[in-house]
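Structural overview
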There are 2 protein chains.
Amino acid sequence: MSAPTRVVSTVGPVLIIGSGLLGASLGLALRAGGVRVYLEDASPTSLRLASDVGAGVAFGDAIDEAGVAYADAGTDAPGYEAPRIVVVATPPDVADRVIVDSLLRFPGAIVTDVASVKDAVVADVLATLEERGLEDAACRYVGSHPMAGRERSGAGAADADLFYGRPWVIVAHETTWPRALLAARALATDVGAVPLEMNAGTHDHAVALVSHVPQLVSSMLAARLVDAPAQALGLAGQGLRDTARIAASDPRLWTAILAGNAGPVASILRELRADLDDLLHHLDAAAELGPLRGGSVGAINRVMTAGNQGVARIPGKHGGAPSRYREVEVLIPDEPGALGRLFSELGEASINIEDLVLEHSAGAQAGVARVMIDPAVADRCAAGLQERGWRLITH
Amino acid sequence: MSAPTRVVSTVGPVLIIGSGLLGASLGLALRAGGVRVYLEDASPTSLRLASDVGAGVAFGDAIDEAGVAYADAGTDAPGYEAPRIVVVATPPDVADRVIVDSLLRFPGAIVTDVASVKDAVVADVLATLEERGLEDAACRYVGSHPMAGRERSGAGAADADLFYGRPWVIVAHETTWPRALLAARALATDVGAVPLEMNAGTHDHAVALVSHVPQLVSSMLAARLVDAPAQALGLAGQGLRDTARIAASDPRLWTAILAGNAGPVASILRELRADLDDLLHHLDAAAELGPLRGGSVGAINRVMTAGNQGVARIPGKHGGAPSRYREVEVLIPDEPGALGRLFSELGEASINIEDLVLEHSAGAQAGVARVMIDPAVADRCAAGLQERGWRLITH
């Protein structure tokens, strides 16, 4: 396998304002396709780091080299070409201001941003333009939300493949030009993302549901462990590990995101609280009267059943049904190369692994690999593994 | 790799009452060590299935063969030996009654159970014995909770390795004999589990925290997806998938478990609701006044920070610190054998994989493997993979 040559349809130069993780990753990805990239950042250090990792050329330097003063930068200066696309990749709380500035500074450019909350940004941009009598510029603005976060931040963590296979939501408003929409779509596909179009409100409610509320629920669950006895934590299994995993996310970044989408997040959390209140009422009755009284059996069953129905709606790999594959569970001894040997042997038998989950418990010297494979080869796979001495957990 | 010979210290016969997943798996595991196992079940079909999969001999048959009537079964009947250990593996709502019966039926036996909630069971057993003036029998009872559930149930899903590496909590009460405690400990280690001793209240609070509350939180989160637009679900990433995974658990089984531990579960959920109420109050203010007002920034930051602290306390693999390994992220193309090739190549380089997470997005034709390895070989691993043409996400 070798890295494919990127063939891009985006025509540069692209100016990326904000050279953190997303901005610098976008710069790397576009430059891999030969697109000319300028970078700007309020922090000279961040800007230098991003240009040093190869994400693009500092915009000020580009202008200096072309021998024009920053304020006079125009398309006719020698060696300088004005950006055709501006991507605002600043923190979300300043995005609207920078978008408006960019529309005015570069009257020939399409402007987009990468803020993870869209309704407030779009509304603020349109309101500011209207106040200043500049409504005509609005047609060149289109919102974006590449859903490609990670735990680390800054240009030092930048990667040209950050957007690979991730959804990239494109949010057009009423007067967005089709040309602006197409430019955003090209940008998304050029960096390997999957473009999806939505309006701002739909987007914000969707990310509240699939990202912001799960984040807060995971954090509130993990918060219960802060004062827990170590002995209790020793009983933790894969269920707790999975449910609490994203509680490790960056508080600073998430606080800005969540505060910016407070309305949709609160409305979903309020539904959850209604379920929680009902459940608590019945658990209290059960604790007082015994498990078979107080209606707790019915109330708990309702929560569990609704959970079954909800989780079944999450699309699986490649958007297919979650149950498309069959699972083979294999005991993995804790010795060097054990997992590698398992996969070599599956590879030798030409069995493709569609998905994989490893399970461990505290104190255990071994684990279980849950290997998802094509149902058509499942029996052959299980038989082959047993022949070679692997211990399967069979069903 | 070949299956190790089990060397056991448990002296049989062991009578297992209740031949579902846990009972039948325990039977298989003990028989693999040469222990004589009798089975009993209220359902003749379940009993036959369990004995057919090799979990043990139906107790009635054993007595018939020995030529003694069930009611007269004694240690001196030819070919029959009374059980030295009785394991009650019935549903939790009848466990207390079956434990008391067993103490009376087999006056020479140690009796334990596998119910996942302990306080109510222990209290009911002791109260019933006292009522009937049989307090002396209590010394032969010790509670167990092997933490080895799975999604499927019944003897058809039984596995001798079900308990391998899992915690097995042992709950002694005030008059439990040391001999009974030792028998339970031997049983746990004989089937590969890790024995841990706790009192009933500590156990019930611990499982509420690490298992029951995460289950309900995951279910209540997933319940939000029942009426969600398909477009929103298309944005789902690994965060939602992990947080909602256990929402797929069996409602019938969990309803019985949760109703039996209503008190501790409610007390933890009530703490969570206090956090949720505070958060909702501030989110509402932010939605009304704007993200930087209404105190939401501070409130959200508190939730996120507490989540960070809580999740950091969950022990990692082998009970070590979660950050013991370094992560290498590799892009996996969606072609047959890609993952297998990755692991073969790591195996050839003698690099052991400590843990692994596969990430996919809906609509993506590829994934990312997050491979956890020993920090000492991380650089060599990354360099070797890149040399062979793998695309890494570097930090």
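Report on the accompanying structure. Computed from a predicted structure; not experimentally measured. (Residues numbered from 1 in each chain as written. Chains lettered and ligands numbered in written order. Predicted model: local features only at pLDDT ≥ 70, side-chain atom pairs only at ≥ 80, totals over all residues. Heavy atoms only, no water.)

Structural notes on the interface of chain B and chain A
- With 148 residues of chain B at the contact, the number on the chain A side is 148 residues.
- Overall, the association of chain B and chain A removes approximately 12700 Å² of surface from exposure, summing both partners, and the carbon and sulfur fraction of that is 65%.
- Taking the shortest distance from any N to any O, the salt bridge between D284(B) and R270(A) comes out at 2.4 Å.
- The interface formed by chain B and chain A includes 28 residue pairs in polar contact (both at pLDDT 80 or more).
- Residue contributions to the side of chain B that touches chain A peak at 19 residues, all from helix α11 (residues 262–289) of chain B. (Contact = heavy atoms within 4.5 Å. Buried area = accessible area lost by both parts, 1.4 Å probe. Salt bridge = Lys/Arg side-chain N within 4 Å of Asp/Glu carboxyl O. Polar contact = N/O pair within 3.5 Å; in protein donor to acceptor, adjacent residues only side chain to side chain. Helix = DSSP H or I, 4+ residues; strand = E, 2+ residues; numbered from the N terminus.)

As for the packing of aromatic side chains
- All chains considered together, the criterion is met by six aromatic pairs over all chains.
- Here Y38(A) and F59(A) contribute two aromatic rings whose centre-to-centre distance is 5.1 Å and whose plane-to-plane angle is 55°, an arrangement assigned as tilted. A residue pair is termed long-range when its members are at least 10 positions apart, and Y38(A) in strand β2 (residues 37–40) and F59(A) in helix α3 (residues 59–65) qualify at 21 residues. Take Y38(A) and F59(A): they sit in the same class, and that class is buried.
- Every member of this aromatic cluster is reached through a ring pair, and the members are Y38(A), F59(A) and F106(A).
- Here the basic side chain of R391(A) rests over the ring of Y164(B), its NZ or CZ set 5.9 Å away from the ring centre. (Phe/Tyr/Trp six-rings, centres within 6.5 Å; stacked < 30°, edge-to-face > 60°. Buried < 20%, exposed > 50% of the residue type's maximum accessible area, 1.4 Å probe, protein only. Lys NZ or Arg CZ within 6 Å of the ring centre and 35° of its normal.)

Details of a negative patch on the surface
- Residues E130(A), E131(A), E135(A) and D136(A) make up a contiguous surface patch of negative charge.
- Mapped onto the fold, D136(A) is located in the loop between α5 (119–131) and β6 (143–146). (Patch = residues over 30% accessible without salt bridge, like charges linked within 9 Å, V, L, I, M, F, W, Y side chains within 5 Å. Areas by Shrake-Rupley, 256 points an atom, 1.4 Å probe, with all protein chains shown as cover. Lys, Arg positive; Asp, Glu negative; His and termini not counted. Charge placed at Lys NZ, Arg CZ, Asp CG, Glu CD.)

Some words on the layout of surface pockets
- By volume, the second largest pocket amounts to about 620 Å³.
- Looking at the second largest pocket, it is lined by 28 residues, and the ones nearest its centre are P291(A), A120(B), D124(B), A259(B) and G260(B).
- Broken down by secondary-structure element, the contributors of at least two residues to the lining of the second largest pocket are α11 (262–289) of chain A together with α4 (92–105), α5 (119–131), α10 (251–260) and α11 of chain B.
- Residue classes in the lining of the second largest pocket are distributed as 16 nonpolar, six polar and six charged. (1 Å grid on protein atoms, 1.4 Å probe; cavity = no way out; pocket = protein on both sides within 12 Å on 5 of 7 lines; lining within 4 Å. Points joined across faces, edges and corners; volume = space filled by probe spheres on them. Nonpolar A, V, L, I, M, F, W, Y, C, P; charged D, E, K, R; others polar.)

Remarks on the relation of the copies chain B and chain A
- Overlay of chain B on chain A (RMSD 0.2 Å): rotation 180°, translation along the axis 0.0 Å. Look at the turn and shift together and you get a two-fold axis relating the two.
- Mapped onto chain A, 100% of the interface residues of chain B again fall at the interface, so both copies present the same surface. (Least-squares fit on C-alpha atoms with pLDDT ≥ 70 in both.)

Points about the sheet that holds strand β7 (residues 167–171) of chain B
Residue and element names in this part refer to chain B.
- Strand order across the open sheet formed by three strands is β6-β7-β8, with mixed pairing between neighbours. Of all strands in the sheet, those bounded by a partner on one side alone are β6 (143–146) and β8 (194–197). The mean angle between the axes of side-by-side strands here comes to 25°, regardless of whether they run parallel or antiparallel.
- As defined by bridge partners, β6 adjoins β7 across four bridges and the pair is classed as antiparallel. (Pairing = 2+ DSSP bridges. Axes fitted to C-alpha atoms, helices over the stretch in contact; angles between N-to-C directions.)

Side note on helix α12 (residues 296–311) of chain A
- If you check α12(A), its first and last C-alpha atoms are 23 Å apart, about what 16 residues at 1.5 Å a residue would give, namely 22 Å.
- Where α12(A) is concerned, the buried positions are S296(A), A299(A), I300(A), V303(A), M304(A), A306(A), G307(A), G310(A) and V311(A). For α12(A), the angular spread of buried residues about the axis comes to 160°, placing them on one side.
- Structurally, α12(A) contributes buried residues whose contacts are with α11 of chain A together with α7 (200–223), α9 (238–244) and α10 of chain B. (Expected span 1.5 Å × (residues − 1). Arc of directions from axis to C-beta.)

Considerations on the sheet that holds strand β7 (residues 167–171) of chain A
All names here are of chain A.
- With mixed pairing, the three strands of this open sheet are ordered in space as β6-β7-β8. A strand with exactly one partner marks an edge of an open sheet, and here the two such strands are β6 and β8 (194–197). Going across the sheet, the axis of each strand differs from the next one's by a mean of 25°, ignoring polarity.
- Examined bridge by bridge, β7 and β8 share four bridges and lie parallel to one another. The residue bridging P167 from the neighbouring strand is V194, located in β8.
- Contacting β6, β7 and β8, helix α6 (residues 178–190) runs over the sheet at an angle of about 170° to β7.

Note that all results are geometric; they support no functional claim without further evidence.
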